Amino acid sequence: MDKVTQFLKEAGVYYLATVDGDQPRVRPFGTVNYFDGKLYIQTGKVKNVSKQLHANLKAEICAFKDGTWLRVSGELIEDDRREARESMLDAYPDLRNMYSEDDGNTEVFYFKNATAVFSSFTAAPEVINF
């Protein structure tokens, strides 16, 4: 799990794929946090991505760095605990310009039943399940 978190943080940007009915939706994200033994992402409840995740928990993220790409697929489960939101915002203090733990908009999701696959053109894929 540390390897997955570190790769995503070093990549800086990853792309989150969700579905909207039968239409795939992909957008750039930059927040990732390891908290309470789980990999978390953050968004706002007013965004379409939030509505999509609540309608269908299945999602995938993809990041690329130094010739290697990482895909993490699984279910994204909302964690409504204040501590989880606070941990994310503490990890990304610049977000506090737009979000707070208690604003009613900030939400965090963690991966459940997830598979991470590191791939490149020069090495066999490495699979991590969590």
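Check the entry above for the structure.
Residues numbered from 1 in each chain as written. Predicted model: local features only at pLDDT ≥ 70, side-chain atom pairs only at ≥ 80, totals over all residues. Heavy atoms only, no water.

1. Structural notes on the overall build of the protein chain
Thought 1: A count of helices and strands for the protein chain gives three helices and eight strands.
Thought 2: In the protein chain, the succession of α and β elements from N to C terminus is α-β-β-β-β-α-β-β-α-β-β.
Thought 3: Its C-alpha radius of gyration of 14 Å places the protein chain within 12% of the 14 Å reference for a compact globule of 130 residues.
Thought 4: The principal-axis extents of the C-alpha atoms in the protein chain amount to approximately 45 × 35 × 25 Å.
Thought 5: Across the 130 residues of the protein chain, 42% fall into the buried class.
Thought 6: Within the protein chain, counting contacts between residues at least 6 apart in sequence, those at least 24 apart form 61% of the total.
Thought 7: Within the structure as shown, the protein chain displays about 7000 Å² of accessible surface, and the carbon and sulfur contribution to it stands at 50%.
Thought 8: The average position of the 16 basic charges and that of the 20 acidic charges among the side chains of the protein chain differ by 3 Å. (Helix = DSSP H or I, 4+ residues; strand = E, 2+ residues; numbered from the N terminus. Rg over C-alpha atoms; globule rule 2.2 N^0.38 Å. Buried < 20%, exposed > 50% of the residue type's maximum accessible area, 1.4 Å probe, protein only. Contact = heavy atoms within 4.5 Å. Areas by Shrake-Rupley, 256 points an atom, 1.4 Å probe, with all protein chains shown as cover. Lys, Arg positive; Asp, Glu negative; His and termini not counted. Charge placed at Lys NZ, Arg CZ, Asp CG, Glu CD.)

2. Thoughts on a nonpolar patch on the surface
Thought 1: On the surface, Val-13, Tyr-15 and Val-26 cluster together to form a nonpolar patch covering roughly 280 Å² of accessible area.
Thought 2: On the secondary structure map, Tyr-15 appears in strand 1 (residues 14–20).
Thought 3: Since its relative accessible area comes to 44%, Tyr-15 is described here as partly exposed. (Patch = residues over 30% accessible without salt bridge, like charges linked within 9 Å, V, L, I, M, F, W, Y side chains within 5 Å. Salt bridge = Lys/Arg side-chain N within 4 Å of Asp/Glu carboxyl O.)

3. Notes on the pattern of salt bridges
Thought 1: This model, assessed by the stated rule, comprises eleven salt bridges.
Thought 2: The salt bridge partner of Arg-96 is Glu-101, with a shortest N-O separation of 2.7 Å.
Thought 3: On the accessibility criterion, Arg-96 (33% relative accessible area) is partly exposed.
Thought 4: Judged by relative accessible area, Glu-101 falls into the buried class, the value being 8%.
Thought 5: Ionic contacts of the salt-bridge type, sharing partners, join the residues Glu-10, Lys-65 and Asp-66 into one network.

4. Here we look at the packing of aromatic side chains
Thought 1: Applying the stated criterion to the full structure yields six aromatic pairs.
Thought 2: Ring geometry for Phe-7 against Phe-118: centres 5.5 Å apart, planes inclined by 80 degrees, an arrangement best described as edge-to-face. Highlighted residues: Phe-7 in helix 1 (residues 2–11) and Phe-118 in strand 7 (residues 106–120), separated in sequence by 111 residues. Comparing Phe-7 with Phe-118 shows no difference in burial state: the two are buried.
Thought 3: Considering the side-chain rings of Tyr-14 and Phe-29, the 5.9 Å spacing of their centres and the 35 degrees angle between planes classify their relative orientation as tilted. Of the two residues, Tyr-14 sits in strand 1 while Phe-29 sits in strand 2 (residues 23–29), which places them 15 residues apart along the sequence. (Phe/Tyr/Trp six-rings, centres within 6.5 Å; stacked < 30°, edge-to-face > 60°.)

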